[in-house]
Amino acid sequence: MATARQYLKLATPFPMRRGGVLHEVQIAYETWGELNAKRDNAVLIFTGLSPSAHAASSALDCSPGWWEDMVGPGRPIDTRRFFVLCVNSLGSVFGSTSPASINPLTGQPYRLSFPILTVEDIARGGYEVMRGLGIEQLRCVIGPSLGGMTVLAFAALFPDSARTLISISGAARSTPFTIALRSLQREMIRKDPAWKEGNYSSDAVPVEGMRLARKLGMITYRSAKEWLLRFGRERASVEHKPDDPFGIDFEIESYLEMHAAKFVGQFDPNAYLYLSRAMDLFDLTDHGEGSVVEALKRFKIERALVIGVETDLLFPIEQQQELADGLAMSGRQVKLVRLNSLQGHDSFLVDMDQFRPVIGDFLHGL
């Protein structure tokens, strides 16, 4: 299969924020559009927890990307104007160094010897790619979900590196509710006997744990109202077997099973554990003496767009309000958009009718 994936390979060790060092690190990325002579038209996209760097199709890879309707010629992130760069998070499995990668010092997969991963480490990975391409300052840095957190970490760590930012369904820190949910997901994986303290083989991964973790995640990614309107009490087309009184009876159960089975074959369990924990550990106040407002004062952006969704369980709209208020208090020009999308946290992936004009209008003015 054709691929547009490229790699930045770092010649020097990569010190991790919470201790430990990675050697021979590589960060996978894809690009669209052309970098202008001044190298000042770049837009950097950080992803959510599970996507690759393949945000959109291209001549090198015509398969649809995870943000296909957002990136491209004439689309909100217009590749006729911008040089668009999307990075695969450090710790992820789609080309970047992760717990599944080979440790060059041992010749064996890192597994749980991989250092603690933080959102700041992911942000630095994007920064290294940007600088490796000769870009000193971005026109905009954009990210949804985990990517929204990474945008904040990027702006705090490298305050001169972006003129503007767009944070979508992100937050300055995780709430106890979301930490609890992700903790349960991780426990589901770790309690699977096949996990073997992280030492499973590629042909015997903890399938059941991953299935359950993904199902719980899928439930929280959307809203209860959408589930009601979309599925109601519709029965599954294939009912459970007579000897399984607790099998799949309802269409919503069938839907969750389908997505869980698909995810199991795509993502490494240990990588999921590390990325999930990174979201829990992130706290923007670490960059502001215990204060979100003080941390936001470090940002040197000119303008910001903060987008939240009223039905989002994982990153409640109040968290986007906190970011917008803090940015305004620090003297930044900020616009908060509260969308009433039905699809909850996943709205940025599916409710293009609402997201496209908001992002397009902001970028049009740059």
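Residues numbered from 1 in each chain as written. Predicted model: local features only at pLDDT ≥ 70, side-chain atom pairs only at ≥ 80, totals over all residues. Heavy atoms only, no water.

### A short note on the overall build of the chain
The helix and strand tally for the chain stands at 11 helices and 12 strands. The C-alpha radius of gyration computed for the chain amounts to 20 Å, which stays within 12% of the reference 21 Å derived for 366 residues, consistent with globular compactness. Within the chain, the fraction of its 366 residues that count as buried is 56%. If you take every contact in the chain between residues at least 6 apart in sequence, the share linking residues at least 24 apart comes to 72%. Carbon and sulfur atoms make up 52% of the accessible area of the chain, which totals about 16000 Å². Here the chain contributes 39 positively and 43 negatively charged side chains, and the mean placements of these two sets differ by 4 Å. (Helix = DSSP H or I, 4+ residues; strand = E, 2+ residues; numbered from the N terminus. Rg over C-alpha atoms; globule rule 2.2 N^0.38 Å. Buried < 20%, exposed > 50% of the residue type's maximum accessible area, 1.4 Å probe, protein only. Contact = heavy atoms within 4.5 Å. Areas by Shrake-Rupley, 256 points an atom, 1.4 Å probe, with all protein chains shown as cover. Lys, Arg positive; Asp, Glu negative; His and termini not counted. Charge placed at Lys NZ, Arg CZ, Asp CG, Glu CD.)

### Here we look at the environment of Val93
Within the fold, Val93 resides in the loop between strand S8 (83–87) and helix H1 (119–132). Linking Val93 and Arg332, residues 239 residues apart in sequence, is a C-alpha distance of 36 Å. Discounting chain neighbours no more than four positions away, the residues touching Val93 are Asn88, Ser98, Gln266, Phe267, Asp268 and Ala271.

### Examining the pairing of strand S9 (residues 140–144)
Among the 5 residues in S9, 5 count as buried, and that is most of the element. In this sheet, strand S10 (residues 164–168) lies alongside S9 in parallel orientation, the contact comprising 4 bridges. Looking at the pairing, Pro144 lines up with Ile168 of S10. In this region the chain leaves S9, passes through helix H2 (residues 146–157) and returns to the parallel neighbour S10; the handedness of that crossover is right-handed. (Pairing = 2+ DSSP bridges. Right-handed = clockwise from strand over helix to strand, strands pointing away.)

### A short note on the sheet that holds S9
Read across the sheet, 8 strands follow the order S1-S4-S8-S5-S9-S10-S11-S12 without closing on themselves; strand pairing throughout is mixed. The open sheet terminates on both sides in strands that have one partner only, identified here as strand S1 (6–9) and strand S12 (333–339). Each strand of the sheet is rotated relative to its neighbour by a mean of 20 degrees, with strand direction disregarded. Pairing geometry for strand S4 (residues 26–32) and S8, over 4 bridges, is antiparallel. Its bridge partner lying in S8, Tyr29 is registered against Val87. Of the strands in this sheet, S10, strand S11 (303–309) and S12 touch helix H9 (residues 317–329), which is tilted by about 165 degrees from S11. Its contacts with the sheet place helix H11 (residues 352–364) against S9, S10, S11 and S12, and it is angled at close to 175 degrees to S11. (Axes fitted to C-alpha atoms, helices over the stretch in contact; angles between N-to-C directions.)

### Things to note about the packing of helix H4 (residues 207–221) against helix H6 (residues 251–264)
At a minimum axis separation of 8 Å, H4 and H6 run at an interaxial angle of 125 degrees. The orientation of H4 relative to H6 falls into the category oblique. Viewed along their axes, H4 and H6 form a crossing whose handedness is right-handed. Every residue of H6 that contacts H4 at Val207, Met210, Arg211, Arg214, Lys215, Met218 and Ile219 is listed here: Tyr255, Leu256, Glu257, His259, Ala260, Phe263 and Val264. Tallied by class, the residues present in the contact of H4 with H6 amount to 9 nonpolar, 1 polar and 4 charged. (Parallel < 35°, antiparallel > 145°, perpendicular 65-115°, else oblique. Left-handed = near helix turned anticlockwise from the far one by under 90°. Nonpolar A, V, L, I, M, F, W, Y, C, P; charged D, E, K, R; others polar.)

### Focus: the pattern of salt bridges
Evaluation of the coordinates by the stated rule reveals 22 salt bridges. With a closest N to O distance of 2.6 Å, Arg211 and Glu257 form a salt bridge. Linking Arg211 in helix H4 with Glu257 in helix H6, this pair joins segments that are 46 residues apart in sequence. Taking relative accessible area as the criterion, Arg211 reaches 14% and is therefore assigned buried. Note on Glu257: relative accessible area 22%, which makes it partly exposed. Here Glu310 makes a salt bridge to Arg338, at a shortest N to O gap of 3.1 Å. One end of the pair, Glu310, is in the loop between S11 and H9; the other, Arg338, is in strand S12, and 28 residues separate them in sequence. (Salt bridge = Lys/Arg side-chain N within 4 Å of Asp/Glu carboxyl O.)

### Focus on the nonpolar core
As a rule of thumb, soluble globular proteins bury nonpolar side chains together. Of all hydrophobic cores here, the largest spans 78 residues; its most connected members are Leu117, Leu138, Val141, Phe154, Phe267, Leu284 and Phe299. Of all the elements, H2 adds the most residues to this core, at 8 residues. Here Leu284 is in contact with Leu152, Ala156, Ala172, Val292, Ala295, Leu296, Phe299 and Leu323, once residues within four sequence places are set aside. In this structure, Ile45, Ile77, Ile168 and Val337 belong to the second largest nonpolar core, which totals 31 residues. (Core = buried A, V, L, I, M, F, W, Y, C linked by side-chain atoms within 4.5 Å.)

### Describing the side chain of Arg214
Structurally, Arg214 is set in helix H4. Here Arg214 sits buried without a salt bridge, and the closest side chain of opposite charge, Asp346, lies 6.7 Å off (N-O distance).

### Focus on the layout of surface pockets
As a volume, the largest pocket reaches approximately 1000 Å³. Lining the largest pocket are 40 residues, and of these Ser50, Pro51, Trp66, Arg214 and Leu349 lie nearest its centre. Secondary structure elements with two or more residues in the lining of the largest pocket: helix H3 (176–190), H4, H6, helix H7 (269–281) and helix H10 (347–350). In this structure, the second largest pocket spans a volume of roughly 190 Å³. For the second largest pocket, the full set of lining residues is Leu112, Phe114, Ile116, Leu117, Arg186, Leu273, Tyr274 and Arg277. In terms of residue class, the lining of the second largest pocket is built from 6 nonpolar, no polar and 2 charged. (1 Å grid on protein atoms, 1.4 Å probe; cavity = no way out; pocket = protein on both sides within 12 Å on 5 of 7 lines; lining within 4 Å. Points joined across faces, edges and corners; volume = space filled by probe spheres on them.)

Keep in mind these numbers describe shape, not what the thing actually does.
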